[in-house]
Structures are given as structure tokens and as C-alpha cells.
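Architecture and fold: a report
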Amino acid sequence: LVGSEMCIRDRVTQVRGCTICAPHLPDGVRPVLQANSKAKILIAGQAPGRRVHASGIPFDDPSGDRLRDWMGVTPKQFYNSELFAIVPMGFCYPGTGKSGDLPPRPECAATWRALLLRQLPGIETSLVIGKYAHEYHFGKNNLTVTKLVENWQQYWPGQIPLPHPSPRNNIWLKKNPWFEAEVVPVMRAHITSLLKT
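Residues numbered from 1 in each chain as written. Predicted model: local features only at pLDDT ≥ 70, side-chain atom pairs only at ≥ 80, totals over all residues. Heavy atoms only, no water.

This part is about the layout of surface pockets. In this structure, the largest pocket occupies an estimated 880 Å³ of space. What lines the largest pocket is a set of 34 residues, among which Gln46, Ala47, Asp101, His164 and Ser166 lie closest to the centre. Contributions of two or more residues to the lining of the largest pocket are made by helix H2 (50-55), helix H3 (62-71), strand E4 (100-101) and helix H6 (130-138). When residues of the lining of the largest pocket are assigned to their parent elements, the largest contribution, three residues, is made by H6. Considering only residue class, the lining of the largest pocket consists of 18 nonpolar, eleven polar and five charged. (1 Å grid on protein atoms, 1.4 Å probe; cavity = no way out; pocket = protein on both sides within 12 Å on 5 of 7 lines; lining within 4 Å. Points joined across faces, edges and corners; volume = space filled by probe spheres on them. Helix = DSSP H or I, 4+ residues; strand = E, 2+ residues; numbered from the N terminus. Nonpolar A, V, L, I, M, F, W, Y, C, P; charged D, E, K, R; others polar.)

A few words on the side chain of Asp61. Among the secondary structure elements, Asp61 is positioned in the loop between H2 and H3. With no salt bridge to any partner, buried Asp61 finds its closest opposite charge in Arg68, at an N-O distance of 6.0 Å. At a separation of 2.9 Å, a polar atom in the side chain of Asp61 contacts the main-chain amide nitrogen of Gly64. (Buried < 20%, exposed > 50% of the residue type's maximum accessible area, 1.4 Å probe, protein only. Lys, Arg positive; Asp, Glu negative; His and termini not counted. Salt bridge = Lys/Arg side-chain N within 4 Å of Asp/Glu carboxyl O. Polar contact = N/O pair within 3.5 Å; in protein donor to acceptor, adjacent residues only side chain to side chain.)

Here we take up the pairing of strand E5 (residues 125-129). With respect to burial, E5 is a largely interior element, five of its five residues being buried. Of the two faces of E5, the one holding Thr125, Leu127 and Ile129 and the one holding Ser126 and Val128 are both buried throughout. As judged from the four bridges shared by strand E1 (residues 41-44) and E5, these two strands associate in the parallel manner. Looking across to E5, one finds that Leu42 is bridged to Ser126. (Pairing = 2+ DSSP bridges.)

Looking now at the packing of aromatic side chains. What the rule picks out here adds up to nine aromatic pairs. The interplanar angle of 75° and the centroid separation of 5.0 Å between the aromatic rings of Trp70 and Phe179 together place this pair among those described as edge-to-face. Of this pair, Trp70 sits in helix H3 while Phe179 sits in helix H9 (residues 177-196), placing them 109 residues apart in sequence. The burial state of Trp70 is the same as that of Phe179; both residues are buried. Ring centres of Trp172 and Trp178 lie 6.0 Å apart, and the angle between their planes is 70°; this geometry places the pair in the edge-to-face category. Both residues of the pair, Trp172 and Trp178, count as buried. In this structure, Arg68 is placed above the aromatic ring of Phe78, and the distance from its NZ or CZ to the ring centre is 4.9 Å. Directly above the aromatic system of Tyr136 lies the positively charged group of Arg113, at a separation of 5.1 Å from the ring centroid. (Phe/Tyr/Trp six-rings, centres within 6.5 Å; stacked < 30°, edge-to-face > 60°. Lys NZ or Arg CZ within 6 Å of the ring centre and 35° of its normal.)

Let us look at helix H5 (residues 106-118). The terminal C-alpha atoms of H5, which comprises 13 residues, lie 19 Å apart, in line with the 18 Å expected from a rise of 1.5 Å per residue. At Trp112, H5 shows its largest bend, some 45°. Regarding H5, the residues found buried are Glu107, Cys108, Ala109, Trp112, Arg113 and Leu116. (Expected span 1.5 Å × (residues − 1). Bend = angle between axes of the 7 residues up to and from the residue.)

Written as C-alpha cells, this is what we have:
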């Protein structure tokens, strides 16, 4: 495990020094992730937003507040890399488009994702958040976010498809109250049990 941890630390250092997307990033390069070979739970998100880009801390924003609430964890637990690996589809803030943040840069996943995930042998559950992460982890199966999340039991407990916890998704959450009523409590109980072991 010591050798494995050295590997993942080296890989994270490599990612943090990555500049592949620099020409495409209006706010510059700042890869944000958290990974440790002992982590039990993978947070597979989309890409950092403007606030996370400024702080360099993953999910240091209202999306993170809601995600931690869904999981029933404290910030101290969430930022413990021996519990949670946070490996988004894109590591840098991609900039803003007409209707919110731009999609994650495709170079990140193509260059780094498989290498990082191979070095996380302790992952027992992956929380797969939003359309771009869904497509990577579940394939381009033409299912909408809603349909994929409705079918969460099909992937349980290894992978849990989730909507994005962003405040921009408040309308979706109001239209789909079953998610917070039915899925969140089961997921929270599962995460609580994993963190006790």
C-alpha cells in the first residue's frame, strides 16, 4: 500500500502540473482534485466552477454544501482523502458559456482518468454526478439524467448516478421530489455504513 500511495501522490502531482488545456482556459490552469489509494468513495463530478477555481478546494461552493448534505457527511470527512477521492471529468474551470459553465475539457479524461482510477483500489462506491460523468461511467446510452437516476438500483451499490447538486438544478429537484425522498436517504445510510468500516 505504501508503494501504491507513492504512485497516486506522484500522479496527483503530475495532474496538478498539467497544462494541456491552457490555450482553451480563459481563467488559466488550476487543476483541482483529491485522491488517495485508501479512499473508499469516489466523487466523479463534472469540472470545477469559478468559486472552486479561485479557492483550489473541490466542491467549495453551494453545490458542495448540497452534496455533503445528501451524503450526510461533514466537511472534515469530505476533505479526508483517505475516505473520499474527488476526481472530476475536467480538473480545471472551463469558463462560462451562454447557459452556465462550459462542458469539461475532453483532454482531462482522455489523458488522466484511467490512470488515476487504476490507482484507487479501495473504491467501494462511486457517486457519478451529472451528464458528462454519466456518459463516461455508464456509456452514451441515450438515457437522460432523469432516466439514469430513476434506474439507480440497477447500478447499486458500485455506482450511484446523481443529478448535479448545483443551485441551477433546483427546478429539476422540484420536478423530481422522489430523488431526495427515496434515493438520498438510502445513499446516505450506505455512505454512513462505509465510513464506519
